[in-house]
Each structure stands twice: as structure tokens, then as C-alpha cells.
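# Structural features, examined
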Amino acid sequence: MVSNLSASTRALKVAVKGRFGQKLTRLIKKEVASLTDF
């Protein structure tokens, strides 16, 4: 599941450019990290 989220994050980062994309990517990475720790 986490690898799917990571792949989706990379695809999203390419699709959504600019600050919003960076912020969203950072937020998703944070969520993935918290899921991994869980």
C-alpha cells in the first residue's frame, strides 16, 4: 500500500507543478511516513 502511495505521489508531482504541487507532495509524504510508523 505504501509503495502505491509513493508511486501516486511521484505521478502527482509531475502532473501538478508549482508550489501547490510541492506542498501537496510534502503533505502526502508526511502521511505515508505516519502510516509506516503506525
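Relevant structure appears above.
What you see is a predicted model; the values in this text were computed from it and never measured.

Helices and strands together make up the secondary structure of the protein, namely 2 helices and 0 strands. Counting across all 38 residues of the protein, residues that qualify as buried make up 11%. For the protein, the exposed surface amounts to about 3400 Å²; the carbon and sulfur share of it is 63%.

Take helix α2 (residues 19-37) next. An ideal rise of 1.5 Å per residue puts 27 Å on 19 residues; α2 measures up with 27 Å between its terminal C-alpha atoms. Turning to α2, its buried residues are Gly 21, Thr 25 and Val 32. The arc that holds every buried residue of α2, seen down its axis, measures 35°, which confines them to one face. Exposed residues pointing more than 90 degrees away from the buried face of α2 are listed as Arg 19, Phe 20, Lys 23, Arg 26, Lys 30 and Asp 37.

What follows concerns the environment of Leu 5. Checked against the element boundaries, Leu 5 lands in helix α1 (residues 2-15). Separated by 26 residues in the primary sequence, Leu 5 and Glu 31 place their C-alpha atoms 9.6 Å from one another. Setting aside residues no more than four positions away along its own chain, Leu 5 makes contact with Val 32 and Leu 35.

Rules used in this analysis
- Position numbers for residues count from 1 along each chain, tracking the sequence in the order it is written.
- Reporting of local features is limited, given that this is a predicted model, to residues whose pLDDT is at least 70; pairs of side-chain atoms are given and counted only at 80 or more, and all residues count toward the totals for whole chains, interfaces and linings.
- Computation of side-chain values covers all heavy atoms of the structure but excludes hydrogens and water.
- Strands here mean DSSP runs of E at least two residues long; helices mean DSSP runs of H or I at least four residues long; both are numbered from the N terminus.
- Per-residue accessibility, obtained with a 1.4 Å probe over protein chains only, is compared with the maximum for each type, and a residue is labelled buried under 20%, exposed over 50%, and partly exposed between these values.
- Where accessible areas are quoted, they stem from the Shrake-Rupley method and a 1.4 Å probe; at the residue level, only the protein chains shown are allowed to cover.
- Each residue after the first adds 1.5 Å to the expected span of a helix.
- As used here, the arc belongs to the directions running from the helix axis to the C-beta atoms.
- Contact definition: two residues touch when any of their heavy atoms are within 4.5 Å.

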